[in-house]
Amino acid sequence: MKIIYLLIQVSLFSIYPAIGQTVSANVLSDVDTSKIYLFYLHGQITIENGKGKSQYFGIYEYQAILDTFSSYGYKVISEPRSESVDESEYAGKVSRQIDTLLKAGVNPAKISVVGASAGAYITIDVALRVKNKNIKYAILGMCWPDTYKSYQGKDLCGNFLSIYESSDPHGSCLQLFEDKHCLTGIREIKLNMNNSHAFLYKPYKEWIYPLVNWINKTN
C-alpha cells in the first residue's frame, strides 16, 4: 500500500458553505441514500451549551463545528460525550449506526467518521470494528510518537486522512498505517498555524477546507 504524504500550509483558502442542514445524535429512520453522512467525535472535553473550555487551549466550539459541517449539506451525526462514557462502548454504538446506514443502502464511500483528539482514538476503534475499506475516517491531532505501537498487529480498514498541526505535540500518524493491508488510501496534512492542539477547537478553514475537499472528492 503506497502511503501519500501531503505537506500543506493553508491560509488563503476561502470557503463558501451552502445552506445548513439538521444535526442529529443518532441515525434517523428516514435514511436518504443520496446524502453524505458525517459522524463527528469531539475531543476529551465536557460540552455544555454547545461549547467546552480548556485551560490550555481556550473554547472548544463544538456547535460551530457541527454547524459548519452541516452547512455543506452533510447529514451530521454527533452528540456530546460525558466523562462517564466508556469510549469502547461508544465506538460500538457508532459502529452499529454505520451498519444501519449500510443496511439501508448507503454507499460506504458516502460515510465519513471525523474524530478530534480523543475522538480520533474512538474513530480508529470504529474502523477496527466495521472493517469496510471504502468508509472514510479522518483523525485530527491524535498521535504521540509511540501511539502506533498500540495498533501493531491490528489491521485497519478504510480510507484515511490524518491532519495535525506542526506546533502540536500530537504529530504525524503515518506509522500507524504501516503494514496495514485493508486500506483504500492514506493521506496526511501538516498545518502550520502555530496554535498547537487548539487548531481543532474551532472550524478553522485551514483544516475544514482540505477535509471537506477530501470527503467530496472521494465520493
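Structure: above.
1. Considerations on the overall build of the chain
Stage number 1. Summing up its helical and strand segments, the chain has four helices and 10 strands in all.
Stage number 2. When the helices and strands of the chain are placed in sequence order, the string is β-β-β-β-β-α-β-α-β-α-β-β-β-α.
Stage number 3. Residue pairs at least 24 apart in sequence account for 77% of intrachain contacts in the chain once pairs closer than 6 positions are excluded.
Stage number 4. Split by element, the accessible area of the chain, about 10500 Å² in all, is 47% carbon and sulfur.

2. What to know about the packing of aromatic side chains
Stage number 1. Counting across every chain of the model gives nine aromatic pairs.
Stage number 2. Centroid distance Y40 to F69: 5.8 Å. Interplanar angle 50 degrees. Geometry classified as tilted. One end of the pair, Y40, is in strand β3 (residues 37-41); the other, F69, is in helix α1 (residues 62-71), with 29 residues separating them in the sequence.
Stage number 3. Taking relative accessible area as the criterion, Y40 reaches 1% and is therefore assigned buried.

3. Overview of the pairing of strand β9 (residues 157-165)
Strand residues, when the strand is regular, have side chains that alternate between the two faces of the sheet.
Stage number 1. Summarising burial for β9: nine of the nine residues are buried, a large majority.
Stage number 2. Covered by surrounding structure in β9 are C157, N159, L161, I163 and E165 together with G158, F160, S162 and Y164, the residues of both alternating faces.
Stage number 3. Summarising the sheet, strand β8 (residues 136-140) and β9 pair through five bridges and their orientation is parallel. If you follow L140 over to β9, its bridge partner there is I163.
Stage number 4. Sheet analysis places β9 next to strand β10 (residues 182-191), joined by nine bridges and oriented parallel. By the bridge assignment for β10, C157 is matched with C182.

4. A word on the environment of E188
Stage number 1. In this structure, E188 sits in strand β10.
Stage number 2. In the structure, E188 is positioned 49 residues away from I139 in sequence and 9.5 Å away in space, judged by C-alpha atoms.
Stage number 3. A polar side-chain atom of E188 sits 2.9 Å from a polar atom in the side chain of S162.
Stage number 4. Only 2.5 Å separates the side chain of E188 from the side chain of S172, close enough to count as a polar contact.

5. Here we look at unusual backbone geometry
Stage number 1. With a phi close to 55 degrees, S117 is a non-glycine residue in the positive phi region.
Stage number 2. Mapped onto the fold, S117 is located in the loop between β7 (111-116) and α3 (118-130).
Stage number 3. A relative accessible area of 15% places S117 in the buried class.
Stage number 4. For S196, which is not a glycine, the phi torsion comes out positive at approximately 55 degrees.
Stage number 5. Looking at where S196 falls in the secondary structure, it is placed in the loop between β10 and α4 (205-217).
Stage number 6. The buried category is assigned to S196, whose relative accessible area is 18%.

Rules behind the numbers
- Residues numbered from 1 in each chain as written.
- Predicted model: local features only at pLDDT ≥ 70, side-chain atom pairs only at ≥ 80, totals over all residues.
- Heavy atoms only, no water.
- Helix = DSSP H or I, 4+ residues; strand = E, 2+ residues; numbered from the N terminus.
- Contact = heavy atoms within 4.5 Å.
- Areas by Shrake-Rupley, 256 points an atom, 1.4 Å probe, with all protein chains shown as cover.
- Phe/Tyr/Trp six-rings, centres within 6.5 Å; stacked < 30°, edge-to-face > 60°.
- Buried < 20%, exposed > 50% of the residue type's maximum accessible area, 1.4 Å probe, protein only.
- Pairing = 2+ DSSP bridges.
- Polar contact = N/O pair within 3.5 Å; in protein donor to acceptor, adjacent residues only side chain to side chain.

From the geometry alone we can't say anything about function, so treat these as descriptive.
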